Amino acid sequence: MKWRKGLRAALGIVLCVFGVLMARATPYRETTVMIGAGGCRLVTDVIDSGKDDVRGYVVLLHGLAANKKIMAHLARGFAGQNLRVFVPDLPGHGRTPGPFSFERAESCAEALVRELSTRKAIDPQRTMLAGHSMGGAIAIRVAARAGVAGVVAISPAPMQASHGVPPDMLPYTNPPPLPGHTLAMSAAFEPLGIREITRDLVTQNGGATSKYLLVARATHVSVLYDPRVVRASQEWTAETLHFPAELSAPSYAPLVGALAGLAGILLLAGPFVRETLQRRGQPEVAVPPKAGSAALAVLPVWRALLEVAGASFLAVALLRFGNPLSFDRVFNGSYLAGFGLIVGLVLLILHQRSVRAEFPTKISTLLLALLAGLLLHLLVTGWLDTTFSESWLSWARWVRVPVFFVAALAYLLGEELLLGPVGVRSRAVRLWLAMTLRLVAFIVLVFGIFVLHSGAVLIILLAVYLTLFFVFQRMGMDIVRQQTGSAIAAAAFGAILLAGFCLVIFPVT
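Okay, so let's go over this structure.

## Looking at the overall build of the chain
Phase 1 of the analysis: A tally of regular secondary structure across the chain gives 17 helices and eight strands.
Phase 2 of the analysis: Here the chain has a C-alpha radius of gyration of 24 Å; the compact-globule value for 509 residues is 23 Å, and the two agree.
Phase 3 of the analysis: A principal-axis box enclosing the C-alpha atoms of the chain has dimensions of 80 × 55 × 40 Å.
Phase 4 of the analysis: Put simply, the chain has 509 residues, and 56% of those count as buried.
Phase 5 of the analysis: Within the chain, contacts between residues at least 6 apart in sequence are counted, and of these 75% link residues at least 24 apart.
Phase 6 of the analysis: Carbon and sulfur atoms make up 65% of the accessible area of the chain, which amounts to about 21,600 Å² in all.
Phase 7 of the analysis: On the chain, the mean spot of the 45 positive side-chain charges and the mean spot of the 29 negative ones are 9 Å from each other.

Set out below in structure tokens:
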């Protein structure tokens, strides 16, 4: 057993060291500046090849719930053509403070383009506007007014109600005439009719100088790292700016390094949590509740699913009339937090006896679980912030952590009570049941979004990433439950991670 732990620790360390070396492997000159434009203060990365005689310029705009660092791979593809690339964090995203709204993101992006032009940092006639998702829609809209050379719009957000997208889910309406020299691309596996709306945008409104490209076997996010997208963007830019199309694919080494280091951290996370919560002189086994305790009662699976479904329907119905956490002003994140709070409170009311059985949990145990969750959050977000995506929470986000923590704690404690004590169900069954309960809640959320028109469409767009996070979060919570025998300690550990995750990805309004 000891040699396995040693091997796991060694492998985790090797992956982290390898990740550091690979993540910093970039030949481009990259600097970060603050640009004031039209009342906006946009933190902006400037990426180029290091040569002074640049061929042209690109202003590259990220999508909703993204940031400038996520766009680095595509930016380096443009920089490889000896173009100077400006990649801002739009309001409420990354390092740029809020408030965020779709209208403010568009106005700030346009102000940035005009400010760069005024400062002679770009020549509009030799400048491309490029963007992904929300940034793609903004690129089209700003280009129609700013007089730039051309546009590269990757999976642009829909701007007209069609193909099943209702009007209240549109980030922008009244799309402008498609600017000349626009390349619009969409992935084969786009959600919510984005692919069809993008195609219609070009075929119905585009002229002879515009083009639509469908990227097969790609998703809404994977297009940012797809070599076909990079190549098509380079070819279109070279054709529009009239220079030889010398294609230079950016290296995937930084991305490989980021993922390798993350894998190393996750390998080390399990032993770290166990050691933090390990009781001296006792084996790593669950501490069962006292015989006859209410906590020993294990609900049948069908009843657990029914309770979550009923609580979820009640939550979306109540949220239709008002969100108790709307004061926290996190775009779509406040809706998710309000949903979790209501569902959790309903479950806790239904299982009051089991809640009272958790009161003997020692304060020291609870504090250790909170500390383990906080340190793990800081470790993972610190790594991602250094290598892949801006994940380090700003003060504007930290002050919102308590609200999200309370909401997540209510839901996760209710979930722990439904799962029952460790040992009654195997780890695999607990993971399966927990994910199934969350799937039921998510299906009801989708009902609320489409039928009750809550507008929280970002939750659907982030479903894949939420699922991946939930799997690792649940595995960590089971370790805490096993080490402490406490449902509330496991819920507190998971609530710290969930609150931090939500405040990393949802924009601040």
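Here the narrative resumes.
## Topic: a nonpolar patch on the surface
Phase 1 of the analysis: A cluster of nonpolar side chains, Ile13, Val17 and Leu21, forms an exposed patch at the surface whose accessible area comes to about 310 Å².
Phase 2 of the analysis: Tracing the chain through its elements places Ile13 in helix H1 (residues 2-23).

## Thoughts on the state of the cysteines
Phase 1 of the analysis: Across all of its chains, the model carries one disulfide by this definition.
Phase 2 of the analysis: A sulfur-sulfur distance of 1.9 Å marks the disulfide that ties Cys40 to Cys108. Disulfide Cys40-Cys108: the torsion about the S-S bond is -70 degrees, which places it as left-handed. Taken as a pair, Cys40 in strand S2 (residues 40-48) and Cys108 in helix H3 (residues 102-118) lie far apart in primary sequence, 68 residues in all.

## Some words on the sheet that holds strand S7 (residues 182-189)
Phase 1 of the analysis: Reading across the sheet, the eight strands line up as S1-S2-S4-S3-S5-S6-S7-S8 and stay open at both edges, with mixed pairing between neighbours. At either margin of the open sheet sits one strand with a lone partner, and together these are strand S1 (29-37) and strand S8 (211-219). Strand-to-strand twist of the sheet, defined as the mean angle between neighbouring strand axes without regard to direction, takes the value 20 degrees.
Phase 2 of the analysis: Lying over the sheet, helix H2 (residues 72-79) contacts S1, S2, strand S3 (56-61), strand S4 (83-88), strand S5 (127-132) and strand S6 (150-154), oriented at roughly 160 degrees with respect to S4.

## Re the pattern of salt bridges
Phase 1 of the analysis: Across all of its chains, the model carries 22 salt bridges by this definition.
Phase 2 of the analysis: The salt bridge involving Glu415 is made with Arg474; its shortest N-O contact spans 2.7 Å. In this pair, Glu415 is assigned in helix H13 (residues 401-419) and Arg474 in helix H16 (residues 463-484), connecting sequence segments 59 residues apart.
Phase 3 of the analysis: Exposure remark for Arg474: the relative accessible area of 0% places this residue in the buried category.
Phase 4 of the analysis: One salt bridge in this structure joins Arg481 and Glu416, with 2.4 Å as the shortest N-O distance. Residue Arg481 is found in helix H16, and its partner Glu416 is found in helix H13; the two are separated by 65 residues along the sequence.
Phase 5 of the analysis: Put simply, Glu415, Glu416, Arg430, Arg438, Arg474, Asp478 and Arg481 are held in one network by salt bridges that share partners.

## Here we look at the environment of Ala65
Phase 1 of the analysis: By secondary structure assignment, the location of Ala65 is in the loop between S3 and H2.
Phase 2 of the analysis: Measuring from C-alpha to C-alpha, the distance between Ala65 and Leu7 comes to 37 Å, with 58 residues separating the pair along the chain.
Phase 3 of the analysis: When neighbours within four sequence positions are excluded, Ala65 is seen to be in contact with His93, Leu458, Leu462, Ile505 and Pro507.

## Quick word on the packing of aromatic side chains
Phase 1 of the analysis: One pass over the structure, following the stated rule, counts eight aromatic pairs.
Phase 2 of the analysis: Judged by centre distance (5.8 Å) and plane angle (70 degrees), the ring pair of Phe102 and Tyr172 falls under edge-to-face. Within this pair, whereas Phe102 is found in helix H3, its partner Tyr172 is found in the loop between S6 and S7, the two being separated by 70 residues in sequence.
Phase 3 of the analysis: Judged by centre distance (4.3 Å) and plane angle (10 degrees), the rings of Phe469 and Phe501 are stacked. Here the residue Phe469 occupies a position in helix H16, and Phe501 occupies one in helix H17 (residues 487-505), the gap between them amounting to 32 residues. Take Phe469 and Phe501: they sit in the same class, and that class is buried.

## Focus on the packing of helix H9 (residues 333-350) against helix H14 (residues 427-450)
Phase 1 of the analysis: One can describe the packing of H9 onto H14 by two numbers: an axis separation of 12 Å at closest approach and a directional angle of 125 degrees. As judged from the angle between their axes, H9 and H14 are oblique. Classified by chirality, the crossing of H14 by H9 is right-handed. Judged by residue contacts, Tyr335, Leu336 and Phe339 of H9 engage Ala441, Leu445 and Gly448 from H14.
Phase 2 of the analysis: When grouped by side-chain class, the residues that make up the contact of H9 with H14 number five nonpolar, one polar and no charged.

## Let's talk about the nonpolar core
Phase 1 of the analysis: Residues Ile138, Phe493 and Phe506 are the most contacted members of the largest nonpolar core, which totals 126 residues.
Phase 2 of the analysis: In terms of residue count, H17 provides more of this core than any other element does, 15 residues in total.
Phase 3 of the analysis: Within the second largest apolar cluster, 34 residues are counted, among which are Ala75, Met128, Val223 and Val230.

## Some thoughts on the pairing of S1
Phase 1 of the analysis: The pairing of S1 with S2 spans nine bridges and is classified as antiparallel. Note that in S2 the partner of Glu30 across the bridge is Ile47.
Phase 2 of the analysis: The turn linking S1 back onto S2 is made up of two residues, and Gly38 within it adopts a positive phi angle of 55 degrees.

## What to know about the pairing of S4
Phase 1 of the analysis: Of all six residues making up S4, six are buried, and the element is well covered by its neighbours.
Phase 2 of the analysis: In S4, alternate side chains face the same way, and those of Leu83, Val85 and Val87 on one face and Arg84, Phe86 and Pro88 on the other are all buried.
Phase 3 of the analysis: Direction of pairing for S2 relative to S4: antiparallel, over a ladder of four bridges. By the bridge assignment for S4, Thr44 is matched with Pro88.

## Notes on the environment of Thr96
Phase 1 of the analysis: Take Thr96: it is sitting in the loop between S4 and H3.
Phase 2 of the analysis: Ignoring any residue separated from it by four or fewer positions in sequence, one finds Thr96 in contact with Arg41, Leu42, Val43, Asp89, Leu90 and Pro91.

About the cut-offs
- Residues numbered from 1 in each chain as written.
- Predicted model: local features only at pLDDT ≥ 70, side-chain atom pairs only at ≥ 80, totals over all residues.
- Heavy atoms only, no water.
- Helix = DSSP H or I, 4+ residues; strand = E, 2+ residues; numbered from the N terminus.
- Rg over C-alpha atoms; globule rule 2.2 N^0.38 Å.
- Buried < 20%, exposed > 50% of the residue type's maximum accessible area, 1.4 Å probe, protein only.
- Contact = heavy atoms within 4.5 Å.
- Areas by Shrake-Rupley, 256 points an atom, 1.4 Å probe, with all protein chains shown as cover.
- Lys, Arg positive; Asp, Glu negative; His and termini not counted.
- Charge placed at Lys NZ, Arg CZ, Asp CG, Glu CD.
- Patch = residues over 30% accessible without salt bridge, like charges linked within 9 Å, V, L, I, M, F, W, Y side chains within 5 Å.
- Salt bridge = Lys/Arg side-chain N within 4 Å of Asp/Glu carboxyl O.
- Disulfide = S-S within 2.5 Å.
- Pairing = 2+ DSSP bridges.
- Axes fitted to C-alpha atoms, helices over the stretch in contact; angles between N-to-C directions.
- Phe/Tyr/Trp six-rings, centres within 6.5 Å; stacked < 30°, edge-to-face > 60°.
- Parallel < 35°, antiparallel > 145°, perpendicular 65-115°, else oblique.
- Left-handed = near helix turned anticlockwise from the far one by under 90°.
- Nonpolar A, V, L, I, M, F, W, Y, C, P; charged D, E, K, R; others polar.
- Core = buried A, V, L, I, M, F, W, Y, C linked by side-chain atoms within 4.5 Å.

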